Amino acid sequence: MSGIPWESEENQNYIRVRHIVMNVARTELRKFFIQEWNNRYQASFGAWDETNVSGNQLFHREKTRGRPNKNMLQSKFQHGDTSQWDCSVLFDAILYSNSIGASLTPTIKTEVDNLRKSRNRITHEILDEKLSDIEFQTMTTSVENALNTLGLSITEVVRIRNLYKSFQVLPPKPAHEVVCRSDKIHEIKQDLKTLQCANDGKLTYFYISGNPGSGKSQLAGQVCEDIYNGVNWQTEATFVMTLDGQDLDSLLYSYEDFCRRLNCNESVLQSILNSSKPTDEKIKDLRSQITTRIKNWKKWWIIVDNVENLELISPLLPQRGDKVWNNGQVILTTQNTNCVPPDSSFTKHISLSLGMNDQECRQLLFKLSKPDANDVNDSLLDEVAKKLDRQPLAMAAAAVYMREVIESKYPPDFSWRDYLGKLEKGERKLTAERLREINSAAYSFTMSAAVLLAVEKCAESNTILKHTFHLFSLISFEPLPLDLVVKYIQQQDKELKAEDIFPVIKHCSLFVHVGNDEHDIRLHRVVHEEFKEFCLRKEPEINDFFQFGIPNITSVIHNIVKTMYHFEGRKDETKLIPI
């Protein structure tokens, strides 16, 4: 079935059905003939042995029977090798022969004849070599039913039937309702279209970054679902595939699933997966298998989700410049942007760190809490959203908690005002656990746990970020000018240069860049909470200071005070005034 034209779905349908009736059905009918012969004659003539010994037995039993093309059919019989028999010979030997056909039940005869009619139609009647989806479904179902009745395998029919069909695999969805981020979806779809047009269909990349809980995966899924529903996937082979880019093992498993959805050769896949090669080499081999199949889909989008180490994962993804990846786009979600390339004609990047817009926040809080307990336009919803920094995961947890409390009717008359009171008391984490319990597929962590994990990984891998975490953990989540943050870090490590510090902070999604003249950076409240948690639990010297006042923390406090002193005389020194 090589060389299938992917320009037309109807052409694909014809070629697949032709392969099924001319090759798959033929192979199965050979097995059926041998089975029926042995059932009748093994005791007297011996089992069919695919040589002229068995062939002559059939030849002599059928030589008196008249039919068209008798000489050709008889010579094939006499040879005895059924692998050389085409469908005409097989139908004559099974359906019309004295040896077998005369004693077949009416049901078996009918199904064999259905296979014969399918063969005749595909070879003699469909002159334009095109089949609609309905015709394709009808013919493949007829063959499948016939083989089932004859007790023959339909595995290959099913495999061929599903070749090059459109499919959609999105990131896991939460169990609760979600809010369509229509503005962002429209913006990203326009960007994707611009990238596609600017590159004449060549591979392009779109990056979505943001802190944990900012909705990267769900937005990527919403975008691709909207695109998929907007294309004519029933007539144009199209797919959306999601790869888990968290680590090499996750990516390997995703590529394995991807290969099977593209109907790559199973024996080759098993050989790759069972090899002793390193994981990254196995991934490259699976990717190579995908390149042999992907040309048969006219349009495609791949979501590479939850990438933690972009430098490690990027070489294992579809590569720009390789024509085999034309007609597709990759949408990649990641927390940090240190390896995300700058925007260009073939790449685009957006950040979700600022959260949802006001309308989306109200809708999310309203839909997931008990609707009859509040109004979608309730001003308290805006206040809750602001306190939660408009972060989707934090707001979903708040709304689910509200619904649980309201439905339990204890305490009675619990309101969003009461929830805000819990936030002021630092009890937010207690309200987040229920969402994780009911959404383990979509959210393996609460937002707090996901942020803390990100903080730990960043601190372990980068001293600059570790110093910055210490600074913010001991002051506030409010905006600080980046140049003062740089001064503090240089006081902690005099070898570090400003030009080396700035990019590291810029590309860390845990910080929010305000976008003013002072290049202020700030934290979401939940991130600030986890900074403090990390520094108290993971850093002994900080913990000892808070518990026992041990003086080895003195230099840290001294450097913070020195940093704050630099506000003096600046236009933004009012930031030192408590609010």
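Further up the page is the structure itself.
Below or above, wherever it landed, is the structure these notes cover. Source: prediction; values computed, not measured.

Attention now moves to the packing of helix 21 (residues 482-492) against helix 22 (residues 498-506). The interhelical angle for the contact between helix 21 and helix 22, taken along N-to-C directions, is 120°, at an axis separation of 10 Å. Crossing hand, helix 21 versus helix 22: right-handed. Residue-level inspection shows L482, V485, V486, I489 and Q490 of helix 21 in contact with helix 22, the latter providing A498, I501, F502 and I505.

The next thing to look at is the side chain of D389. Looking at where D389 falls in the secondary structure, it is placed in the loop between helix 15 (379-387) and helix 16 (392-408). A relative accessible area of 9% means that D389 is categorised as buried.

Let's shift gears to the pairing of strand 2 (residues 204-209). Of all 6 residues in strand 2, 6 are buried, a share of seventy percent or more. Going residue by residue along strand 2, you find T204, F206 and I208 tucked away on one face and Y205, Y207 and S209 tucked away on the opposite face as well. Relative to strand 5 (residues 328-334), strand 2 is paired through 6 bridges, and the arrangement is parallel. By the bridge assignment, S209 is partnered in strand 5 with T334. In this sheet, strand 6 (residues 347-351) lies alongside strand 2 in parallel orientation, the contact comprising 5 bridges. Following the sheet pairing, Y205 is matched in strand 6 by T347.

Ordered in space as 1-3-4-5-2-6, the 6 strands form an open sheet in which the pairing is parallel. The strands lining the two open edges of the sheet, one partner per strand, are strand 1 (167-168) and strand 6. For strand 1 and strand 3 (residues 238-244), the ladder comprises 2 bridges, and the chain directions are parallel. If you follow F167 over to strand 3, its bridge partner there is F239. Sheet strands touched by helix 8 (residues 182-198): strand 2, strand 5 and strand 6. Its angle to strand 2, the strand with the most contacts, is close to 155°. Across the sheet, helix 10 (residues 248-261) is in contact with strand 1, strand 3 and strand 4 (299-307); its angle to strand 3 comes to roughly 160°.

The description of an aromatic ring pair uses the distance of the two centres, along with the angle that the planes make with each other. Applying the stated criterion to the full structure yields 23 aromatic pairs. Ring centres 5.2 Å apart and planes at 80° place the aromatic pair W37 and W48 in the edge-to-face group. Placement of W37 in helix 1 (residues 9-45) and of W48 in the loop between helix 1 and helix 2 (52-62) is noted, with a sequence separation of 11 residues between them. Considered together, W37 and W48 belong to a single accessibility category, that of buried residues. Centre to centre, the rings of F472 and F511 are 5.8 Å apart; their planes meet at 50°, and the pair counts as tilted. Of the two residues, F472 sits in helix 20 (residues 463-474) while F511 sits in the loop between helix 22 and strand 8 (512-513), which places them 39 residues apart along the sequence. In terms of burial, F472 and F511 fall into one category: buried. By way of ring pairs, the aromatic residues F33, W37, Y41, F45, W48, F77 and W85 are connected into one cluster. Over the ring of F346 we find R320, and its NZ or CZ is 3.8 Å from the ring centre.

This brings us to the pattern of salt bridges. Enumeration according to the criterion identifies 28 salt bridges in this entry. Between R159 and E156 there is a salt bridge whose closest N-O contact spans 2.9 Å. Placement of the pair is R159 and E156 together in helix 7 (residues 155-161), with a separation of 3 residues, close to one helical turn. Exposure remark for E156: the relative accessible area of 31% places this residue in the partly exposed category. A salt bridge links E360 to R181, with the nearest nitrogen and oxygen atoms 3.9 Å apart. Of this pair, E360 sits in helix 14 (residues 358-368) while R181 is found in the loop between strand 1 and helix 8, placing the two residues 179 residues apart along the sequence. Connected through shared salt-bridge partners, E62, R65, R67 and D92 make up one network.

Thresholds applied
Residues numbered from 1 in each chain as written. Predicted model: local features only at pLDDT ≥ 70, side-chain atom pairs only at ≥ 80, totals over all residues. Heavy atoms only, no water. Axes fitted to C-alpha atoms, helices over the stretch in contact; angles between N-to-C directions. Helix = DSSP H or I, 4+ residues; strand = E, 2+ residues; numbered from the N terminus. Left-handed = near helix turned anticlockwise from the far one by under 90°. Contact = heavy atoms within 4.5 Å. Buried < 20%, exposed > 50% of the residue type's maximum accessible area, 1.4 Å probe, protein only. Pairing = 2+ DSSP bridges. Phe/Tyr/Trp six-rings, centres within 6.5 Å; stacked < 30°, edge-to-face > 60°. Lys NZ or Arg CZ within 6 Å of the ring centre and 35° of its normal. Salt bridge = Lys/Arg side-chain N within 4 Å of Asp/Glu carboxyl O.

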